[in-house]
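# Observations on chain architecture
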Amino acid sequence: ASLAGREFILQRDCAPSSAMPDSSGPSDDRAAGKRKREQERGEAAEERRKAAEAEQAEDDIDGEDSDEGDSDEAADEDDSSDDSQDDAPRNRIGNVPLEWYKDEDHVGYDLAGEKIIRTLSGGEIDALLESKDNPNAWRTIKDHKNQREIVLTDTDLEVIRRIRKRMTPSAATDTTTMVEFDNPDARIHPLNSAHPPKSRFLPSKWERMRVKKLVALLREGKIRPPPPPEPEVWDLWADDVPKRRKGPPPLPAPKLILPGHAESYNPPSEYLFSAEEKKAWEEQDETDRALSHIPERFDALRRVPAYKEFIVDRFKRCLDLYLIPRALRQRMNVDPESLLPKLPSPKDLRPFPTHVSVSYEGHTGMVRGVAVEASGQWLATVSSDNTLIIWEVASGRPFRSIKFNGPATAVAWSPRCTMLVVAAEDAIFFVDPGIETAARPGEKNVSGEVEVSITSMLTLRAAAKPQGDDENADKTEGAKARAVRWRAVEPETPLYTSGCRLTISTDGDVQQVTWHPKGNYCAAVSPKANAPSNQCIIHALHQQKSMRPFSKLKGGQVQSCAFHPTKPHFIVATMRSVRIYDLQKQEHLKQLVSGARWISSVTVHNTGDHVVVGSYDRRLVWFDLDFGSKPYKTLQYHDRAVRCAAFHPGKFPLLACASDDATVSILHTKVFTDLMQSPMIVPVKRLRDHAVHQGLGVLSCAWHPTQPWLFTAGADHRVYLWA
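Every chain is numbered on its own, with residues counted from 1 as its sequence reads. Two thresholds apply to this predicted model, a pLDDT of at least 70 for residue-level local features and 80 or more for giving and counting side-chain atom pairs, whereas whole-chain, interface and lining totals are computed over all residues. The side-chain numbers reported here are obtained from all heavy atoms of the structure, hydrogens and water having been left aside.

The next point concerns unusual backbone geometry. In this chain, R350 is followed by P351 through a cis amide linkage whose omega measures 10 degrees. Of note, P351 is situated in the loop between α8 (336-339) and β5 (356-360). The phi dihedral of N386 is positive, around 70 degrees, even though this residue is not glycine. Along the polypeptide, N386 turns up in the loop between β7 (378-383) and β8 (387-392). Only protein chains enter the calculation, and the probe is 1.4 Å; a residue is then buried if its accessible area is under 20% of its type maximum, exposed if over 50%, and partly exposed in between. Since its relative accessible area comes to 18%, N386 is described here as buried. Within the chain, Q544 stands out as a residue other than glycine whose phi angle is a positive 55 degrees. Structurally, Q544 is set in the loop between β17 (536-540) and β18 (545-547). Helix and strand assignments come from DSSP, with helices taken as H or I runs of at least 4 residues and strands as E runs of at least 2, each series counted from the N terminus.

Aromatic ring pairs: the centre-centre distance and the angle between the two ring planes describe each pair. Side-chain rings of Phe, Tyr and Trp (the six-membered ring for Trp) are treated as a pair once their centres are within 6.5 Å; stacked means planes under 30 degrees apart, edge-to-face means over 60, and tilted covers the remaining angles. Summed over all chains, the structure comprises 13 aromatic pairs. Ring geometry for W378 versus F399: centroids 4.9 Å apart, planes at 50 degrees, classification tilted. Residue W378 is found in strand β7, and its partner F399 is found in strand β9 (residues 398-403); the two are separated by 21 residues along the sequence. Owing to a relative accessible area of 8%, W378 belongs among the buried residues under this scheme. Under the relative-accessibility criterion, F399 is labelled partly exposed at 30%. Look at W598 and Y616: their rings are 5.8 Å apart centre to centre, the planes differ by 90 degrees, and that puts the pair in the edge-to-face class. Here W598, found in the loop between β22 (587-593) and β23 (599-604), pairs with Y616, found in the loop between β24 (610-615) and β25 (620-624); they are 18 residues apart in sequence, far enough to count as distant. Residue W598 is classed as partly exposed on the basis of its relative accessible area of 37%. Here the aromatic cluster, defined as three or more aromatic residues joined through ring pairs, consists of F550, F563, F570 and Y581. Geometrically, a lysine NZ or arginine CZ counts as sitting over a ring once it is within 6 Å of the ring centre and also within 35 degrees of the ring normal. Geometry around W281 places R289 over its ring, the cationic atom sitting 3.9 Å from the centre.

See below:
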């Protein structure tokens, strides 16, 4: 029915007006009413459209107002963004510590690369004054990194207060509710109601086939159960099995030395070679060069040419890695103090000399030698002012002075009587100082020997007298013959009046004279003698004969000599070694290798088992004759040459070492009777009252025979007694 009605209306509306009947029946009324309703509906629609347009216009006006407000808000946001830009960090140095800028006038650089000048300054006093003047000082903090002061707002203070009370920063934070997050791992209930698949509870076909295969292998015997463990049996008498050593761990290759200023393309001026340095570098061998290239300066890195020796250097580096063996250094973590020996305190090792007790003044030249009489009452000194002075030890009073025609170089007292031997004027003089002794001639001393008067000993015997005229003999005899020829001093000369009785000509200056402990033999050393056999001569006083024990010595010139205190041994020191000879058997016993470049003196301990050598290269070498030919100890306490070293001849375990630095080292040297115990060597004192004169210091030293006193003679014309 609806389709029929629609078709009728369509036909009516589409029909032409001429075809419509011209009648005013009911159909015309219905059509007029319909048109009227359509017109009313159109007017209503037009009114609604106009009302909508008016509303749209009002909305557009409101939108413009809102746009203006939004623009204002955007401007405010821009202003706030500018404020946020101000709050952003100015200093763009990253994590660089500010301590690196403590000596600069700035603390870093901003985003544009400009320096941030240091503006925050002042101490505690300035802060106190500012706190009184500025009401906001208590809420102002200083940002030293960005160099600005920040005033905390009330909101900031509230946040700080809440954080200090262990609360959330914002009061709007809801701490009562909990936000549930999806946690699949903790899910225990399914989210859907689907049934589980059948494969989850049915036995697997592949597992059944695997089990079937294992059962078949077990039945065939191809799979057997593991054997039972063997019982533990311990062999109590067996030795420990040596553990297998592992190979050394691989050692990393040594790293190359990092380049320095000399390898820079623009090195400092002090690293650039001058013409002389460049020539010397080119003349050097490649292995001796400190640098492998000549430093050059370039304006820019792009101007640096290619390195010519690059391939050669790489090849050598490969050879080093391939051929050079590597070793791992074991570094010991040891306290250096624990390696030092535990030495006793010097206070426990007294007595030893510490201060000047007596000063002997009277020489005007360098004092070359000093000697103490056997009783310890008299002291003899010789000087380059051509004088020999005999002093009284206790008072420092000069007892006798003898003037020679040339410099006096050495002096020694006889250990058996009050007689002197002096080296001066290229000769040796035996001197009777005229000092009375308690023993009388003809009586026996403590050792059972008959005392002989000094006058009889110093009288020239007929066997020693020269044949013919002395002047003719001097002309015909050579230097070797004159060095062993004894003569008497003429009675009418000043030397005879002073006490000189016998004289022997020498081949050069005598640097040292020393007596045998029994007082019969005296040895003289002349390092600059023309004949090698005259460098060391032994003179027998009782027989008035002289012996040359060495025709020629290996090792250089003879520098010093000493007699063994208990054995018939003679110790001779050449420039670099020490030789020991047996005088009775006339054979060489031992050679001691000192390692020194130039030996200056030698001294023997009173036990005879220890020898100490001083050298011009500042060293003190100690030999233990029971150990071998190598040094037992090598000591160095001085900055300049060691001139003299001397053991105490008595019971005190003391050793003195005189040097050209104008000091004397005193060492406590205790030698034990137990051969298994090493000697105790402890430095206890440094004596410093002498002065350096013409590059020389203390030239000689000697111990008192019975007291721990030391006599020193220096190049500063002074002689001291240290007590």
